[in-house]
Amino acid sequence: MGGRPGEMRTASADARTNIALVKYWGKRDRALNLPATGSLSLTLSSLRTTTRVTFDETLDRDEMDLDGQEAPPAVAQRTGRFLDLVRRKVGITMHARVESANNFPTASGLASSASGFAALALAATRAAGIEMDFPSLATLARLGSGSAPRSLLGGFVEMRPGALPDGSDCLPVQVAPETHWDIAILVAVNGAATKEIGSTTAMELTRLTSPYYREWLRSVPGDIEVARQAVLARDFSALGQVAESSCFRMHAVALGATPPLLFWTGVTVDVVRKVWEFRRNGLEAYVTIDAGPHVKVLARPQDAEELLRGIAAVPGVTRVLVERPGPGARITDGRAGQ
Ligand code: DP6
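Residues numbered from 1 in each chain as written. Predicted model: local features only at pLDDT ≥ 70, side-chain atom pairs only at ≥ 80, totals over all residues. Heavy atoms only, no water.

Caption draft 1: Region of interest: the overall build of the protein chain. When helices and strands are counted, the protein chain shows nine helices and 14 strands. In terms of overall dimensions, the protein chain is globule-like: its C-alpha atoms have a radius of gyration of 20 Å, near the 20 Å expected for 338 residues. The dimensions of the protein chain, computed from C-alpha atoms along their principal axes, are 70 × 40 × 40 Å. Among the 338 residues that make up the protein chain, the fraction classed as buried is 54%. Within the protein chain, counting contacts between residues at least 6 apart in sequence, those at least 24 apart form 77% of the total. Averaging the coordinates of the 38 positive side-chain charges in the protein chain and doing the same for the 36 negative ones gives two points 2 Å apart. (Helix = DSSP H or I, 4+ residues; strand = E, 2+ residues; numbered from the N terminus. Rg over C-alpha atoms; globule rule 2.2 N^0.38 Å. Buried < 20%, exposed > 50% of the residue type's maximum accessible area, 1.4 Å probe, protein only. Contact = heavy atoms within 4.5 Å. Lys, Arg positive; Asp, Glu negative; His and termini not counted. Charge placed at Lys NZ, Arg CZ, Asp CG, Glu CD.)

Laid out in structure tokens, this is it:
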């Protein structure tokens, strides 16, 4: 089916970003974008991407807007390749207009491929006229980005790496919904607007050149087990400790790459030290950092206000957002960005 003359089909979806508490860093299959290990994440409450996809028979190429402007070429190309997967699956040839918006400044460096591809997978398949079962949708989202399937679900999510060569057993599973446990995540924004090196490239460099890569892979399953039990038992100390440790092990294996992958700024380190100072003084909070300079702080809700004041006062921190556990991706009727 190429689309009937004048045919247009549209759907919108939104998805929240997620923060890995046990990190995904490394792939077992590049073409299928299969992670080498599992990971465990928390879907956030408000950092969100809303995406509208319109398959339009009159278009002669895909078009993509990001936050109301034409998307940068690299983003548009990655989106186009993803739409090709959807077209192939559904058997259509129509091009699409994609309008995507983040409810946070894209230039803050918080833009997330996880929320982006979760929302895109949902909106594109719905607009193309199919309602996929969950495993197929998660597989599609994973082909966009390895962290994206986790954003399809709310609350605490474990990404199972699977063992089958085709990746059909690599799926996200909800450990507990967002209502299970109210914890706070503070996001301390600082530094560079855009990443110098993307996660995909950085992971490959780590796999190929870091002498610690095997040990890193060996360490992850145990961390996932501890984190899963901590979530189920609502054990804040246990979850915080394993999250902080997973974060620094991920950065250690990346620092071991050639050339070394250093995602931090001086401000990143200052925020970590500030959180550790709080901890020494009896306020228990833990840090985690992804492939960028921002520090995310895990805290008990009643401590969020005091931590926010302390972290916002660290020179170079431009903004601190306070997040809670949030819901999974869903189809919406709204327009992108609303
Ligand atoms: C550090 O999911 O962005 O945030 O699969 O190559 O798109 P690709 O990578 P991506 O990597 C996320 C890396 C991380 C850790 C995590 O979210 O688990």
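That shown, we press on.
Caption draft 2: Summary view of the side chain of Glu-204. With respect to the helices and strands, the residue Glu-204 is situated in helix H5 (residues 199–209). At a separation of 2.7 Å, a polar atom in the side chain of Glu-204 contacts the side chain of Arg-207. With near-sequence residues (within four places) excluded, Glu-204 lies in contact with Lys-27 and Arg-30. (Polar contact = N/O pair within 3.5 Å; in protein donor to acceptor, adjacent residues only side chain to side chain.)

Caption draft 3: Focus on the environment of Ala-291. The residue Ala-291 is located in the loop between strand E11 (285–289) and strand E12 (295–299) in this model. For the pair Ala-291 and His-251, spaced 40 residues apart in the sequence, the C-alpha separation amounts to 8.4 Å.

Caption draft 4: Representation of the packing of helix H6 (residues 213–233) against helix H7 (residues 236–255). Where H6 contacts H7, the two axes come as close as 9 Å, and the packing angle between them is 165 degrees. Overall, the two elements H6 and H7 adopt an arrangement that is roughly antiparallel. The two elements H6 and H7 meet at a crossing, and its hand is left-handed. Facing H6, whose interface residues are Tyr-213, Trp-216, Ser-219, Asp-223, Val-226, Ala-227, Ala-230 and Val-231, H7 presents Ala-238, Leu-239, Val-242, Ser-246, Arg-249, Met-250 and Val-253. Residue composition of the contact of H6 with H7, grouped by class: 11 nonpolar, two polar and two charged. (Axes fitted to C-alpha atoms, helices over the stretch in contact; angles between N-to-C directions. Parallel < 35°, antiparallel > 145°, perpendicular 65-115°, else oblique. Left-handed = near helix turned anticlockwise from the far one by under 90°. Nonpolar A, V, L, I, M, F, W, Y, C, P; charged D, E, K, R; others polar.)

Caption draft 5: Here's a closer look at the sheet that holds E11. Strand order in this open sheet of four strands is E11-E12-E10-E13, and the pairing throughout is antiparallel. Two strands bound the open sheet, and with one partner strand each, they are E11 and strand E13 (317–323). Ignoring strand direction, the axes of neighbouring strands in this sheet form an average angle of 25 degrees. With six bridges connecting them, strand E10 (residues 184–190) and E13 associate as antiparallel partners. By the bridge assignment for E13, Ala-188 is matched with Val-320. Docked against the sheet, H7 engages E11 and E12, running at close to 30 degrees with respect to E11. Each of E10, E11, E12 and E13 is contacted by helix H8 (residues 266–280), which is oriented at about 160 degrees to E11, the strand it contacts most. (Pairing = 2+ DSSP bridges.)

Keep in mind these values describe shape, not function.
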